[in-house]
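# Chain and residue survey
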Amino acid sequence: MPAAPLCTAWSLRAGLRVPVLNAPMGGVAGGRLAAAVTAAGGLGMIGMGSTATAASLAAELALLGPARFGIGLVDWVIRDQPDLLDTALAARPVLLSVSFGDDLSWVERAHAAGIRAATQVYDVETARRAQDAGLDVLVARGAEGGGHGEIRLATLPLLDAVLDAVTVPVLAAGGIASPRSLAAVLAAGAAGAWLGTCLSACPEALTSEGARRALIAADGTDTLTTRVFDVGQRLEWPARFPSRVLRNDFADRWAGREGTLAGDAHAAAELAAGVAADDQRVAPVDAGQGVGLLSGSRPAAVVIGELCTGAQQLLARWA
């Protein structure tokens, strides 16, 4: 007998064929990746990171075509650039995610526009606060995840705690890069999976070629959490949100010396030049602890298809 379709009550209500969303990774998840994820049956998210503008969001929206989509924004960026939030709301995504801050006043504006609202949470307290603010979906982002986030709990302990604390749907994020890990979070009660690193090397992603090669070559133990790159690039990320990245020479040299780095103009210039040259000895590459499972640059549809088919078979076997 064939396995039952891979779905959850939430994914069915959301009109998804599979309970998968791509994480809205700034500089990685543009319009092409979002369209590909939606075409594969999930919900594609366009990510606007710390250097986003209304114009850059408009450019990525233009690449979507007719695909259903979501948008992910950074809290402190939209406070500095309110037109970025205006542009996102005007685009009418089916889901708007704003994370990395405590101001949830944007939720009312999203609901007024008929848009569902999501945010990342890292513990029971932030999950309850988000539910009380009217969030429709929570993303339990574990410490294994790539990019920025609070380092509080691993994905499964966090998911357990949040599911016990709230009644709204909860997506699992962090380290989900195989059929086993996808099946595990769905079996634990997640409404879906928020996938990042496993889609970062896809040809549809905005990832540079150098970063793509580094991701494919990396092992799961090759990541670290650090503020070195934010400090070196003079980005205003709050200290509570370090970034999980691939370890490289620049990170090793400046780890523990962020105060000195903040005033070192030569190091800042070196970092800027490394980013411009796509030099992975210097430039940051966001990566979660599932990075060691990447085997190549494959289309998003292939990655999602293999993950979901494998997870479906495992869940049927476990049932």
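Refer to the structure printed above.
These notes cover the structure that comes with them. (Residues numbered from 1 in each chain as written. Predicted model: local features only at pLDDT ≥ 70, side-chain atom pairs only at ≥ 80, totals over all residues. Heavy atoms only, no water.)

## Considerations on the overall build of the chain
Stated formally: A run of DSSP states H or I qualifies as a helix once it reaches four residues; a run of E qualifies as a strand once it reaches two. Both are numbered from the N-terminal end. Values of the radius of gyration come from C-alpha atoms, whereas the globule rule sets the reference at 2.2 Å times the count of residues to the power 0.38. Contact definition: two residues touch when any of their heavy atoms are within 4.5 Å. Accessible surface area values rest on a Shrake-Rupley calculation with a 1.4 Å probe, where residue burial reflects the displayed protein chains alone.
Each helix and strand in the chain was counted, giving 16 helices and eleven strands. Computed over C-alpha atoms, the radius of gyration of the chain comes to 18 Å, within 12% of the 20 Å expected from 2.2 N^0.38 for 319 residues, which places it in the range of a compact globule. Dimensions of the chain along its principal axes, counting C-alpha atoms only, are 60 × 40 × 40 Å. When contacts within the chain are restricted to residue pairs at least 6 apart in sequence, those whose partners lie at least 24 apart make up 63%. In the form shown here, the chain has an accessible surface area of approximately 13,100 Å², with 54% of it arising from carbon and sulfur atoms.

## Examining helix α3 (residues 54–61)
Each α-helix winds once per 3.6 residues, and so residues spaced three or four apart point in a common direction. The condition is simple: When accessible area is computed with a 1.4 Å probe and restricted to protein chains, residues below 20% of their type maximum are described as buried, those above 50% as exposed, and intermediate ones as partly exposed. Each direction from the helix axis to a C-beta atom contributes to the arc, which is the arc of those directions.
Listed as buried for α3 are A54, L57, E60 and L61. The buried residues of α3 occupy an angular sector of 125 degrees when the element is viewed end-on, so they sit on one face. Summarising the contacts, the buried residues of α3 are in contact with α2 (31–39), β2 (44–47), β3 (69–74) and α5 (82–90).

## Brief notes about the side chain of R212
Our working definition: Polar contact criterion, stated in full: a pair of N or O atoms within 3.5 Å, where within protein one must be able to donate a hydrogen and the other to accept it, and residues adjacent in sequence count only if both atoms are side-chain atoms.
Here R212 lies in helix α11 (residues 209–217). Within the structure, the side chain of R212 is placed 3.0 Å from the backbone oxygen of A201, a separation counted as a polar contact. When residues no more than four places from it in sequence are discounted, the contact partners of R212 are A201, C202, P203, A205, T207 and S297.

## What about the sheet that holds strand β6 (residues 137–141)?
Basically, it comes down to this: Strands are treated as partners if at least two bridges between them are detected by DSSP. As a rule, the C-alpha atoms of each element are fitted with a line to give its axis, helices using only the stretch in contact, and angles between N-to-C directions run from 0 to 180 degrees.
If you trace the eight strands from one edge of the open sheet to the other, you get β1-β9-β8-β6-β5-β4-β3-β2, paired in parallel fashion. Two strands close off the open sheet at either side, each with one partner strand: β1 (20–22) and β2. Neighbouring strand axes in the sheet, compared pairwise and without regard to direction, differ in orientation by 25 degrees on average. Taken together, the four bridges between β2 and β3 define a ladder with parallel strand orientation. Residue pairing for β3: G44 is matched across the bridge by F69. Along the sheet, α5 makes contact with β3 and β4 (95–99), crossing β3 at roughly 170 degrees.

## So, α2
With seven of its nine residues buried, α2 lies for the most part within the structure. Buried residues in α2 make contact with β1, β2, α3, α10 (197–200) and α16 (300–318). Once α2 finishes, G41 follows within two positions and takes phi at roughly 110 degrees, a positive value.

## Some details on the pairing of strand β5 (residues 116–121)
Our working rule: Convention used here: a crossover is right-handed provided that the path from the first strand, over the helix, to the second strand proceeds clockwise when the strands point away from the viewer.
Summarising burial for β5: five of the six residues are buried, a large majority. Note: β4 against β5, three bridges, orientation parallel. Opposite L95, over in β5, you have R116 as the bridge partner. Running through helix α6 (residues 106–112), the crossover from β4 to the neighbouring parallel element β5 is right-handed. Summarising the sheet, β5 and β6 pair through four bridges and their orientation is parallel. Residue Q120 lies in a different strand from β6, and its bridge partner there is V139.

## Observations concerning the nonpolar core
Threshold: In these notes, a set of buried Ala, Val, Leu, Ile, Met, Phe, Trp, Tyr and Cys residues joined through side-chain atoms within 4.5 Å is what counts as a nonpolar core.
Grouped together as the largest cluster of nonpolar side chains are 101 residues, with contacts concentrated most on L73, L96, W106, L138, L182 and L199. Take this core: its biggest share by element is seven residues, from α16. Here W106 is in contact with L85, L96, V98, A117, A118 and L135, once residues within four sequence places are set aside. Judged by nonpolar contacts, the second largest core, of twelve residues, contains V228, V231, F250 and A251.

## Structural notes on empty space enclosed by the protein
Selection criterion: Only protein atoms enter the 1 Å grid, on which a cavity is a set of points fitting a 1.4 Å probe that cannot get out and a pocket is an open set with protein on both sides within 12 Å along at least 5 of 7 lines, lining residues being those with an atom within 4 Å of a point. Grid points are joined across faces, edges and corners, and a volume is the space filled by probe spheres set on the points. Ten residues, namely Ala, Val, Leu, Ile, Met, Phe, Trp, Tyr, Cys and Pro, are considered nonpolar, four, namely Asp, Glu, Lys and Arg, are considered charged, and the remaining ones, Gly among them, are considered polar.
Enumeration according to the criterion identifies one cavity of 30 Å³ or more in this entry. Considering only enclosed or pocket space, the largest cavity measures out at about 180 Å³ in volume. As for the largest cavity, its lining consists of 18 residues, of which G101, D102, T119, Q120 and T126 are closest to the centre. Breaking the lining of the largest cavity down by element, the ones donating at least two residues are β4, β5 and α7 (124–132). Of the residues in the lining of the largest cavity, the class split is eight nonpolar, five polar and five charged.

## Some words on the packing of helix α9 (residues 179–187) against α16
Note the following rule: With respect to orientation, any angle under 35 degrees is reported as roughly parallel, any angle over 145 as roughly antiparallel, any angle of 65 to 115 as roughly perpendicular, and every other angle as oblique. Less than a right angle of anticlockwise turn of the near helix away from the far helix marks a crossing as left-handed, whereas a clockwise turn marks it as right-handed.
Between α9 and α16, the least distance of the axes is 8 Å, while the angle of their chain directions is 55 degrees. With respect to each other, α9 and α16 are oriented oblique. The hand of the α9/α16 crossing is right-handed. On α16, the residues touching P179, R180, L182, A183, A184, L186 and A187 of α9 are E306, L307, C308, G310, A311, L314, L315 and W318. Here the residues of the contact of α9 with α16 sort into twelve nonpolar, one polar and two charged.

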